[in-house]
Amino acid sequence: MSEEIKVKTMEEFMAQGTQPEILFWVGSAGSYDDRAKKISRAFVKILNRAGVEFAVLGPEESCTGDVAKRAGNEFLFQMQAMMNIEVLNGYEIKRIVTCDPHSFNTLKNEYPGLGGHYDVVHHTQYIKELIDNGRLSIEGKVYKEKRITFHDPCYLGRANSVFDAPRDVLKKTNADIVEMKRHKKTALCCGAGGAQMFKEPEKGDMDINVLRTKDALETNPNIIATGCPYCNTMMTDGIKAHEKEDSVTVLDVAELIANSI
Amino acid sequence: MEYLPNILFTIALIVGIGFFARNVRKLSRNIKLGKNVDVSNDRPQRWKNMAKIALGQTKMVVRPIAGLMHIIVYVGFVIINLEVLEIILDGILGTHRVFAPLGALYDFLIGSFEVLAFMVIIAVVIFWVRRNIIKLKRFIKPEMEGWPKKDGNMILYIELVLMFLFLTMNATDFQLQQMDVAHYTKAGAFPISQFIAPLFENMSASNLILVERTAWWLHILGILAFLNYLYYSKHLHILLAFPNTYYGKLKPQGQFNNVEAVTNEVKLMMDPSADPFAAPVEDAPDPEKFGASDVMDLNWVQLLNAYTCTECGRCTSECPANQTGKKLSPRKIMMDTRDRLEDVGKNIDANKGTFVPDGKQLLGDYISHEELWACTTCNACVEACPVSIDPLSIIMEMRRFLVMEQSAAPTELNNMMSNIENNGAPWPYNQMDRLNWVNE
Ligand code: SF4
Ligand code: SF4
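It should be emphasised that the depicted structure is a prediction, and the values quoted were computed from it without experimental measurement.

K.L.:
Whenever I open this one, the overall build of chain A confuses me. Can you help?
P.N.:
Helix and strand content of chain A: 11 helices and 9 strands. Since a compact globule built from 261 residues should have a radius of gyration of about 18 Å, the 18 Å found for chain A is in line with a globular shape. Looking at chain A residue by residue over its 261 residues, the buried ones come to 64%. Once local pairs closer than 6 in sequence are excluded, the contacts in chain A between residues at least 24 apart make up 78%. When the accessible surface of chain A is split by element, carbon and sulfur atoms take 45% of a total near 9,600 Å². Here chain A contributes 33 positive and 38 negative side-chain charges, whose respective centroids are spaced 6 Å apart.

This is the structure we're talking about:
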């Protein structure tokens, strides 16, 4: 996606004396991880297309601390949280959109207890909103007749009961949406949560992402859709483990929509 | 000596209920060893959850076969208590079928008890087969060996015996009624026990009375014994499921608590006006321990959770770590917590009311680091539990202890955490490069 994208920082808005509609919380994965960066760019393409005035924090953004918290380091989490809250409150941020369910969960649920109160929205929810408000229209040709199965990220689905938004958005691509046997509340974890992303798994007889990818492959999909950068990595690795990388691709909902507008 | 049975009965009742009350006291003392936690918020929602989940069994039916069978046994249990009430009144007053004057309603009641008793027998047999013959995967995990397995079966045997005693009692009663024996009022309907009645056809009235009385006595003594068995068994859930669902988590599953003691320290650290070299205040309370290494560090709802666990293994069978062969089993986390709490309780009893350190703790001696680090915090166990238990919260408290008190996280996680500390990201990149993705 080499198309020009336009991104402004909060600092720039500040300098102009204006407020953006939303703050796009990019998250560490979205900023640094090669695969996740593409998701950030795809989402920005959507925002640009819909004419959304949005800002990012850029170098002023720091890790939410979510992964430190799940690893048990409450100190580090709260220090990160308080630093971020200082920045966010300094800019009087009201609404935050993020492509990372882990940032979503922690900003939405755990920051209020530390003084950070924002209206936090997952990008799939925001894209749905843009479509519903008529700000974004989808052509829906690219994925017609393709089979797409959606893997619910634990921290979006079970943890926060957001099940419908990603599915509603996916339907706009005109693809066949097929459900895995375990989905929504009973979806299996991709294996990355709780800081597992950053360490080798404990001894067992299989890796969790391989098992989850098996669930997905049973639906015979062309595309596995995700709404989380970590799930994306895990499922992509899973596809490789099953040697299906030639026939199945893993794409974020934002990418599927960015390709359909 | 006319009143001997009444007296014996009353004594049995007092002893049975007395022991039970003693166990309940012990139970509540052990639960109160946990830290305080404020669960006084949102009462209406809590009542609703209890009504739905414990009374309405909504989470049981997620697995339809087990759910349906469970509802039968559960309804059977609740209804049979009406019968028990009659037995108790009869026992104390020396009457027989004291509710008989209810007439047609009484016949209907007894009839439906019998049908339920029969259905309970079928359900119990199916449960037994699932555990012992089909050997459902979730019932044969390592943590189920020994007592938990015996306990599971024992309950089934007791229920079976109690139901058969109830039907035998009715069958002989039915015969006695036919024979117009004094005291045996013609009352009740016997849709099931009429089929057992022929077994007793040629018996003399006195033998019939003997069988009927024996069944009656064993039935009520069995119930009292069962009541007291509860404390030692996973079957405690029939009582604790109610408070446990009431106190269950209301927040979104993904929301973990922010440790308040940490907040205070972090605020102090970030406060530029605080003097870092200030001498510690004299007689300041001991600094709070972060996280949990033993049961006393958990809160009382988590301890209540442990006593409520029915060892059904639904959590474990949904756990991604467990499904991929890792050591972690959320059910085992709950069973270990309960075992440890029981050991601590026994220690307190043996040492006149105070706990004397026994060189053991929950972390390490019961639950290993390996189990704790295998958790993805996915909440599948929390979602699966039919009685609102939160094994994940215990796992998290122990991870907190490992990391904040002992710096005992796996090396890779330590690297990840020092990256966050130094660069504001779990990876070793420069924070100034956070916007590079835009131009790539
Ligand atoms: S939260 Fe942890 S223990 Fe519970 S199901 Fe997920 S991985 Fe297993
Ligand atoms: S924690 Fe809940 S789901 Fe797990 S074994 Fe106990 S009762 Fe069953």
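K.L.:
Even after reading the chapter, I still don't get the interface of chain B and chain A, so can you show me in this structure?
P.N.:
One frequently used descriptor of interface size is the decrease in accessible area upon assembly of the parts. At the interface, 61 residues of chain B touch 72 residues of chain A. Summing the contributions of chain B and of chain A, the shared interface buries around 5,600 Å²; its carbon and sulfur component is 64%. Considering only the surface of chain B that becomes buried against chain A, Trp427(B), Arg434(B) and Trp437(B) emerge as the three largest contributors, covering 15% of it. Across the contact surface, chain B and chain A share 3 salt bridges. The residue Lys37(A) makes a salt bridge to Glu440(B) at a minimum N-O spacing of 2.8 Å. For the pair chain B and chain A, the interface holds 38 residue pairs in polar contact (both at pLDDT 80 or more). Of all the secondary structure elements, the ones that give two or more residues to the side of chain B that touches chain A are α8 (260–270), α11 (320–323), α14 (369–373), α15 (380–384), α16 (391–405) and α17 (411–423) of chain B. Each residue belonging to the side of chain B that touches chain A can be placed in one class, and the counts come to 31 nonpolar, 16 polar and 14 charged.

K.L.:
Help me understand the nonpolar core, please; the structure alone is not making it clear to me.
P.N.:
Most often, soluble globular proteins keep nonpolar side chains buried together rather than apart. Within the largest apolar cluster, 78 residues are counted, with the highest numbers of intra-cluster contacts made by Tyr307(B), Leu328(B), Leu413(B), Met416(B) and Met417(B). Here this core takes 8 residues from α16(B), the largest share from any one element. Setting aside chain neighbours within four positions, we find Tyr307(B) in contact with Leu27(B), Asn30(B), Ile31(B), Tyr231(B), Leu236(B), Leu240(B), Arg338(B), Leu341(B) and Glu342(B). If you look at the next biggest cluster of nonpolar residues, it comprises 41 residues, including Ile5(A), Ile22(A), Ala50(A) and Leu136(A).

K.L.:
Hey, could you run me through helix α5 (residues 147–178) of chain B in this one?
P.N.:
Each α-helix winds once per 3.6 residues, and so residues spaced three or four apart point in a common direction. For α5(B), with 32 residues, the first-to-last C-alpha span of 46 Å sits near the 46 Å given by 1.5 Å per residue. Looking one or two residues beyond α5(B), the residue adopting positive phi is Asp180(B), at roughly 55 degrees.

K.L.:
Would you explain the site of ligand 2 in this entry?
P.N.:
In the vicinity of ligand 2, 13 residues are found, and the nearest of them are Cys309(B), Cys312(B), Gly313(B), Cys315(B) and Cys385(B). A breakdown of the residues in the shell around ligand 2 according to their chemical character gives 8 nonpolar, 2 polar and 3 charged.

What counts, and where the lines are drawn
- Residues numbered from 1 in each chain as written.
- Chains lettered and ligands numbered in written order.
- Predicted model: local features only at pLDDT ≥ 70, side-chain atom pairs only at ≥ 80, totals over all residues.
- Heavy atoms only, no water.
- Helix = DSSP H or I, 4+ residues; strand = E, 2+ residues; numbered from the N terminus.
- Rg over C-alpha atoms; globule rule 2.2 N^0.38 Å.
- Buried < 20%, exposed > 50% of the residue type's maximum accessible area, 1.4 Å probe, protein only.
- Contact = heavy atoms within 4.5 Å.
- Areas by Shrake-Rupley, 256 points an atom, 1.4 Å probe, with all protein chains shown as cover.
- Lys, Arg positive; Asp, Glu negative; His and termini not counted.
- Charge placed at Lys NZ, Arg CZ, Asp CG, Glu CD.
- Buried area = accessible area lost by both parts, 1.4 Å probe.
- Salt bridge = Lys/Arg side-chain N within 4 Å of Asp/Glu carboxyl O.
- Polar contact = N/O pair within 3.5 Å; in protein donor to acceptor, adjacent residues only side chain to side chain.
- Nonpolar A, V, L, I, M, F, W, Y, C, P; charged D, E, K, R; others polar.
- Core = buried A, V, L, I, M, F, W, Y, C linked by side-chain atoms within 4.5 Å.
- Expected span 1.5 Å × (residues − 1).
- Near = heavy atom within 4 Å.

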